[in-house]
Structure formats: C-alpha cells, structure tokens
Amino acid sequence: MDGLMLLLLPLILGWILDHVFGDPEALPHPVVYMGRWISFWEHRLNKGCCRKFKGALLAIGSIVLIFLLFRTMINALCFIENYGGKHFSFICLVLFQSIAVFYCLAGCTLRKEVRMVFEALDRSLEEGRSQVARIVGRDTQNLSEQEVKAAALETLAENLSDGVVAPLFWFMLWGVPGMMMYKMVNTLDSMIGYHTPRYLDFGCWAARIDDVANYIPARLTAILILIVGVRYSKSLTFGQCCAFVCKYGPKHASPNSGWPEAALASILDCQFGGPHNYFGEYFYKPYIGENARLLDDTDKTISLKIANQSETLCVSFLFVILCVVFSL
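The rules behind each value
Residues numbered from 1 in each chain as written. Predicted model: local features only at pLDDT ≥ 70, side-chain atom pairs only at ≥ 80, totals over all residues. Heavy atoms only, no water. 1 Å grid on protein atoms, 1.4 Å probe; cavity = no way out; pocket = protein on both sides within 12 Å on 5 of 7 lines; lining within 4 Å. Points joined across faces, edges and corners; volume = space filled by probe spheres on them. Helix = DSSP H or I, 4+ residues; strand = E, 2+ residues; numbered from the N terminus. Nonpolar A, V, L, I, M, F, W, Y, C, P; charged D, E, K, R; others polar. Buried < 20%, exposed > 50% of the residue type's maximum accessible area, 1.4 Å probe, protein only. Contact = heavy atoms within 4.5 Å. Phe/Tyr/Trp six-rings, centres within 6.5 Å; stacked < 30°, edge-to-face > 60°. Salt bridge = Lys/Arg side-chain N within 4 Å of Asp/Glu carboxyl O. Polar contact = N/O pair within 3.5 Å; in protein donor to acceptor, adjacent residues only side chain to side chain. Axes fitted to C-alpha atoms, helices over the stretch in contact; angles between N-to-C directions. Parallel < 35°, antiparallel > 145°, perpendicular 65-115°, else oblique. Patch = residues over 30% accessible without salt bridge, like charges linked within 9 Å, V, L, I, M, F, W, Y side chains within 5 Å. Areas by Shrake-Rupley, 256 points an atom, 1.4 Å probe, with all protein chains shown as cover. Lys, Arg positive; Asp, Glu negative; His and termini not counted. Charge placed at Lys NZ, Arg CZ, Asp CG, Glu CD. Core = buried A, V, L, I, M, F, W, Y, C linked by side-chain atoms within 4.5 Å.

As for empty space enclosed by the protein
Here is step 1 of the chain: Applying the stated rule across the entire model yields one cavity of 30 Å³ or more.
Here is step 2 of the chain: Considered as a void within the structure, the largest cavity measures approximately 40 Å³ in volume.
Here is step 3 of the chain: Along the walls of the largest cavity sit L156, A157, L160, I225, L264, S303, I306 and A307, which together make up its complete lining.
Here is step 4 of the chain: Sorting the residues of the lining of the largest cavity by element identifies α8 (145–192) and α12 (297–327) as the ones contributing at least two each.
Here is step 5 of the chain: Taken together, the residues that form the lining of the largest cavity break down as seven nonpolar, one polar and no charged.

Here we look at the environment of L58
Here is step 1 of the chain: Secondary-structure assignment places L58 in helix α3 (residues 51–79).
Here is step 2 of the chain: The exposure class assigned to L58 is buried, which follows from its relative accessible area of 6%.
Here is step 3 of the chain: Along the backbone, L58 and L45 are 13 residues apart, and their C-alpha atoms lie at a distance of 8.6 Å.
Here is step 4 of the chain: In contact with L58, other than residues within four places in its own chain, are W37, I38, W41, E42, L45, L188, I192 and F202.

Some thoughts on the packing of aromatic side chains
Here is step 1 of the chain: Under the defined criterion, the tally for this structure stands at nine aromatic pairs.
Here is step 2 of the chain: Taking 6.2 Å as the distance between ring centres and 45° as the angle between the ring planes, the aromatic pair formed by Y194 and Y199 counts as tilted.
Here is step 3 of the chain: Overall, Y194 belongs to the partly exposed group, its relative accessible area being 27%.
Here is step 4 of the chain: Among the residues examined, Y199 registers a relative accessible area of 14% and is labelled buried.
Here is step 5 of the chain: Where F244 meets Y248, the ring centres are 4.7 Å apart and the plane angle is 45°; that geometry is what we call tilted.

Observations concerning the pattern of salt bridges
Here is step 1 of the chain: For the structure on display, the rule yields ten salt bridges.
Here is step 2 of the chain: E126 is the partner of R129 in a salt bridge, and the nearest nitrogen-oxygen pair spans 2.5 Å. On the criterion of helical spacing, the pair formed by R129 and E126 is a turn pair, its members being three residues apart in helix α7 (residues 125–132).
Here is step 3 of the chain: Accessibility expressed as a relative area gives 14% for R129, which makes it buried.
Here is step 4 of the chain: Note on E126: relative accessible area 47%, which makes it partly exposed.
Here is step 5 of the chain: R293 serves as the salt-bridge partner of D299, at 2.5 Å between the closest nitrogen and oxygen.

Regarding the side chain of R293
Here is step 1 of the chain: Residue placement: R293 occurs in the loop between β4 (287–288) and α12.
Here is step 2 of the chain: A distance of 2.5 Å separates polar atoms of two side chains, one belonging to R293 and the other to D299.
Here is step 3 of the chain: Filtering out sequence-adjacent residues up to four positions away, R293 remains in contact with Q146, K234, L268, D269, C270 and D299.

Observations concerning the packing of α3 against helix α5 (residues 86–104)
Here is step 1 of the chain: Closest axis-to-axis distance for the α3/α5 pair is 8 Å, and the angle between their directions is 155°. Relative to α5, the element α3 lies roughly antiparallel. On the side of α3, the interface is formed by F70, M73, I74, L77 and C78, while α5 contributes S89, C92, L93, F96 and Q97.
Here is step 2 of the chain: A per-class count over the contact of α3 with α5 returns eight nonpolar, two polar and no charged.

Digging into unusual backbone geometry
It is generally the case that most residues other than glycine have a negative phi and that most peptide bonds are trans.
Here is step 1 of the chain: Despite not being glycine, C50 shows a phi value in the positive range, around 55°.
Here is step 2 of the chain: When you line up the elements, C50 lands in the loop between α2 (30–45) and α3.
Here is step 3 of the chain: Phi at D269 takes a positive value of approximately 55°, unusual for a residue other than glycine.
Here is step 4 of the chain: Tracing the chain through its elements places D269 in the loop between α11 (258–268) and β1 (272–273).
Here is step 5 of the chain: For D269, a relative accessible area of 25% translates into the label partly exposed.

Points about a negative patch on the surface
Here is step 1 of the chain: A cluster of like negative charges, contributed by E119, D122, D296 and D297, occupies part of the molecular surface.
Here is step 2 of the chain: Here D296 shows up in the loop between β4 and α12.

Comments concerning the nonpolar core
Here is step 1 of the chain: In terms of nonpolar packing, the biggest core is built from 90 residues, with V114, V132, L153, L168, F171, L188 and F272 touching the most fellow members.
Here is step 2 of the chain: In terms of residue count, α8 provides more of this core than any other element does, 24 residues in total.
Here is step 3 of the chain: Those residues in contact with L188, other than ones at most four positions away along the chain, are I38, L58, A59, S62, I63, G193 and A206.

Listed below in structure tokens is the structure:
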C-alpha cells in the first residue's frame, strides 16, 4: 500500500498545485537548470568535427544523468527512515515527489498563455504577435490575425501532449525519475532539435529521441481530445473525427504533433498547419483540414475547455491504472 500511496499522493497533490499556481516563475525551476546545462555544453561541443557524435553524447548522457539523479534522491529519502522513522520518510518522499510532479506539469500555464494571446489580439495585432511568440517557434512578426489564433490553438493541442500527457505517461512507467527524464528529453529537443544548419547534425539525436518519447503520448492525447471534445463538435460525429485524425495526423512534418492538432481541428472543423518561417527560413507544413474558416473566441473557449477536461481525464485514467496494477 505504501508503494501505491507514494505514487498516487504525489500525482494528485502535484496536479492540484499546477492547477492552482501554474509554473512558479518566482521559484527555481528544474527545466531552467536543464536549459542552462544544455546551453553550456552546446556552446562547447557544437563545433568542429564529429558533431553528430557529440550531440548524441550530450543527449544520451543528459537523459541518463537526470534519471539517475532523481532516482538517487528518492533512494536517499527512503534511507532516512533509519534516522527519522517510517512516517517522516514517507512524508518527505510524498512532498519531494509532489513538488517534482508540480514542476513537470504545464497545463495551467499553457491554458493561461493561449488565453493571453486572444486577449492581446483584442488590443492589437502587434500585441497578439508578441504574445504568441512566447509559445511558438515560428517567426511571428508577419502573421495575420487568423494565423496568430491558429498558432495559439495548434500549440495548445501539441503542448497538451508535451506538457501534460507525456510527463504523466512517463510517470506511470518510471515514477518521478521517468517524468524528469522526459522533461530533459523535451528540453533537449526544444533547444537543439531543429533542422537548421547549426543544429542539423548536433541536434539530430535529441530530435529523434523526442520523437520516440512522444510517440505514444501524442496519440493518447488525440484520443483524449476526441473523447472529451466530441460533445463540442461542430459538424462531425466521433467516428468522422477519428477518420479525420487518421487522415491528417500522419501528414504533419512531425511524426507526433499532427495527431493532437488534427484531433482539435476535427472538433473545431477548422484548418491548422500550412507553411511558415522558422528562424528566417521558409518551411512547408501540410495543412490539417480543409475548412479554412476564420477562428473566433468561441473556438478559444471550446479549446480551453477540451484541454482542461482532457487533462482531468488523463489524471483519472492514470489513477485507476495505478490502483489496478498495484492490486494485482
């Protein structure tokens, strides 16, 4: 029972903390330190020959290191039972892991950022472009109002996977160490996993590892969006939404991002994707959907509800799965 509670309590407490507070901007964040670690080594290794090998070394080494670090910290907290007693050790473990789960989840902040994009657009297009630049990688200075809205909702769907479902998936498999390991994978990809001349070789391993780590979570996210979102569907039945996702999900430039984006596009009956500039370079991205209608505040409201309810459903499923596994 202790083993089950050491997973369930941190899961629920960490999720509640994220729901209430979002990312703690005023406090040190593990992802910030991961980013500094990656930046430190990237500036020293991403030059000269053997860049692909050095990038692989950084990616694999960083992932293994963060997993072992948090595994060791948890083992150390288990060890203090010999000094502070079983209850003290249990409380320390629950608190430590709850904070870790809190740091790894980004659902509240994601929804807040998307909401702020639409609020900024109400003031001016320039403010909307500046706000959406906080959450997307594409160049935003020339985006139209429609493109800004689409970028925000695409990011909402994609990062529901990256920022919520994937961390929870790896928590289910390997606990907090697995969750932190995933955050390192995701941070590596977001910093060096680009198809640009600077990162094409050095970041290729980071990008491929991220593709593998998100393969199942991205598809689970699409399923969650369809389950909770079908009630909001403007024209398609659940079966038609599934067919839509199967048609457009694999067409995305990313092997994973297209699935949750296609799921949300099917519910909204809209069009996502299309070509954009990244770091001043033109990249072609296939369109997801054919109805290039104008997006409005209703789409924002529905999308935010879907994201919130999908997250709740995911946590509920994980709770049940852990209970069933530990009862066997």
